[in-house]
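Each chain, letter by letter, is given below.
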Amino acid sequence: MHHPRPPEHRVVGTCRHFAILACAFLRARGIPARARCGFGTYCAEGRGLDHWIT
């Protein structure tokens, strides 16, 4: 991830996409995991935006 890539080789995703994928990968390996959603006010002042974690 530290090497620049041209736009056609990039992947766009949000915290939701990465949390769900991480949860699926961990569960496939037999590791208990779950994705959680909450609202963070640290991303945009005066607004609560959804944020996902695993």
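Definitions and limits used
- Residues numbered from 1 in each chain as written.
- Predicted model: local features only at pLDDT ≥ 70, side-chain atom pairs only at ≥ 80, totals over all residues.
- Heavy atoms only, no water.
- Helix = DSSP H or I, 4+ residues; strand = E, 2+ residues; numbered from the N terminus.
- Contact = heavy atoms within 4.5 Å.
- Polar contact = N/O pair within 3.5 Å; in protein donor to acceptor, adjacent residues only side chain to side chain.
- Pairing = 2+ DSSP bridges.

> When you look at the environment of Trp-52 in this model, what are you seeing that I'm missing?
Tracing the backbone through its elements, the reader meets Trp-52 in strand E2 (residues 47-53). Counting along the chain gives 35 residues from Trp-52 to His-17, while the straight-line C-alpha distance between them is 8.6 Å. With near-sequence residues (within four places) excluded, Trp-52 lies in contact with Cys-15, Arg-16, Ala-19, Ala-35, Arg-36 and Cys-37. A polar side-chain atom of Trp-52 sits 3.3 Å from a polar atom in the side chain of Asp-50.

> Even after reading the chapter, I still don't get the pairing of strand E1 (residues 36-44), so can you show me in this structure?
Pairing of E1 with E2 involves six bridges; the strand directions are antiparallel. Along E2, the bridge assignment pairs Phe-39 with Asp-50. What sits between the antiparallel neighbours E1 and E2 is a turn of two residues, in which Gly-46 has the positive phi angle 80°.

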